Amino acid sequence: MTQALIVYASLTGNTEEIADITAELFEEAGVDVDVVECVQADPADYEDYDYCIVASYTYGVDGDLPDEIMDFYEELEEFDLTGKVFGVVGSGDTFYEEFCTAVDDFEEQFAKTGATKGAAGVKIDLNAEEEDVENLKAFVKGMVETYES
Ligand code: FMN
């Protein structure tokens, strides 16, 4: 059985819920999933998994990464994740000019690890609504198809 690790940062719960929905969808696709808060995770943990996923909100006026995920972000590029499939999801607020830029930042960082991008990142305005869940379904489907191809 293949395995996925979802590392998340969440202040008010939106991204945690998105991580949990994503986990359920992976499980429905027959993938074993662990969901871990970023402060308890290390990028080295991904070495034991097939799917490497980050779920992060965006913070600060300039679309910054949350403080608590900065160490994880900076260390990520030092790892060789060749052969693994990565994907990034996140929550933000369309009120801000730099909407959900944490998703873009992590996609760029993952690209340095040699992992293959499994699906386009999913950007969610605050909490996940029906349409977002559909996008997350497509995200998981894309990830699995990429891994199996
Ligand atoms: N969302 C964005 O998309 N871009 C931003 O630049 C941004 N800056 C924020 C700054 C502050 C001070 C706060 C409180 C929120 C900001 N947000 C921004 C919105 C959060 O990312 C959004 O509320 C998100 O749903 C929080 O996720 P969480 O519930 O998992 O903590």
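Up top is the structure these notes are about.
Thresholds applied
- Residues numbered from 1 in each chain as written.
- Predicted model: local features only at pLDDT ≥ 70, side-chain atom pairs only at ≥ 80, totals over all residues.
- Heavy atoms only, no water.
- Helix = DSSP H or I, 4+ residues; strand = E, 2+ residues; numbered from the N terminus.
- Rg over C-alpha atoms; globule rule 2.2 N^0.38 Å.
- Buried < 20%, exposed > 50% of the residue type's maximum accessible area, 1.4 Å probe, protein only.
- Lys, Arg positive; Asp, Glu negative; His and termini not counted.
- Charge placed at Lys NZ, Arg CZ, Asp CG, Glu CD.
- Contact = heavy atoms within 4.5 Å.
- Axes fitted to C-alpha atoms, helices over the stretch in contact; angles between N-to-C directions.
- Parallel < 35°, antiparallel > 145°, perpendicular 65-115°, else oblique.
- Left-handed = near helix turned anticlockwise from the far one by under 90°.
- Near = heavy atom within 4 Å.
- Polar contact = N/O pair within 3.5 Å; in protein donor to acceptor, adjacent residues only side chain to side chain.
- Areas by Shrake-Rupley, 256 points an atom, 1.4 Å probe, with all protein chains shown as cover.
- 1 Å grid on protein atoms, 1.4 Å probe; cavity = no way out; pocket = protein on both sides within 12 Å on 5 of 7 lines; lining within 4 Å.
- Sits in = over half its atoms within 2 Å of the grid points.
- Nonpolar A, V, L, I, M, F, W, Y, C, P; charged D, E, K, R; others polar.

Peer 1: Explain the overall build of the protein to me, and be specific about the residues and the numbers.
Peer 2: When helices and strands are tallied, the protein shows 4 helices and 6 strands. Counting from the amino terminus, helix and strand elements in the protein follow one another as β-α-β-β-α-β-α-β-β-α. The globule rule puts the C-alpha radius of gyration for 149 residues at 15 Å, and the 14 Å found for the protein is close to it. Taking the principal axes of its C-alpha atoms as reference, the protein extends roughly 40 × 35 × 25 Å. In the protein, buried positions account for 47% of the 149 residues. Positive and negative side-chain charges in the protein, numbering 6 and 39 respectively, have mean positions lying 9 Å apart.

Peer 1: Report on the environment of glycine 142, specifying residues and quantitative values.
Peer 2: Here glycine 142 lies in helix 4 (residues 130–148). It is 9.4 Å that separates the C-alpha atoms of glycine 142 and lysine 117, two residues lying 25 residues apart in sequence. Setting aside chain neighbours within four positions, we find glycine 142 in contact with Gly118 and Ala119.

Peer 1: Tell me about the packing of helix 1 (residues 14–28) against helix 4, and please be specific about residues and values.
Peer 2: Following both chains from N to C, one finds helix 1 and helix 4 inclined at 50°, their axes separated by 10 Å at the closest point. Considered as vectors, helix 1 and helix 4 are oriented oblique to each other. Here helix 1 runs over helix 4; the crossing is right-handed. Where helix 1 approaches helix 4, its residues Ile18, Ile21, Thr22, Leu25 and Phe26 are matched on the opposing element by Val133, Leu136, Lys137, Phe139, Val140, Met143 and Val144.

Peer 1: Give a detailed account of the site of the ligand, specifying residues and quantitative values.
Peer 2: Close to the ligand lie 19 residues, the nearest being Ser10, Leu11, Thr12, Thr15 and Ser91. Contacts to the ligand include leucine 11, whose backbone N or O atom sits 2.6 Å from an oxygen atom. Between an oxygen atom of the ligand and a main-chain N or O atom of glycine 13, the distance comes to 3.1 Å. Protein burial of the ligand: of its 640 Å² of free accessible surface, 83% is covered by the chains. The pocket occupied by the ligand, as judged from atoms lying within 2 Å of grid points, is the largest pocket. Its residues assigned to classes, the shell around the ligand comprises 7 nonpolar, 10 polar and 2 charged.

Peer 1: Talk me through unusual backbone geometry; I want residue IDs and the actual numbers.
Peer 2: Glycine aside, negative phi is the norm for most residues, and most peptide bonds take the trans geometry. A positive phi angle is found at cysteine 100, which is not glycine, with a value near 55°. Here cysteine 100 is to be found in the loop between strand 4 (85–92) and helix 3 (101–111). Phi at leucine 126 is positive, roughly 60°, even though this residue is not glycine. By the element assignment, leucine 126 lies in the loop between strand 6 (122–125) and helix 4.

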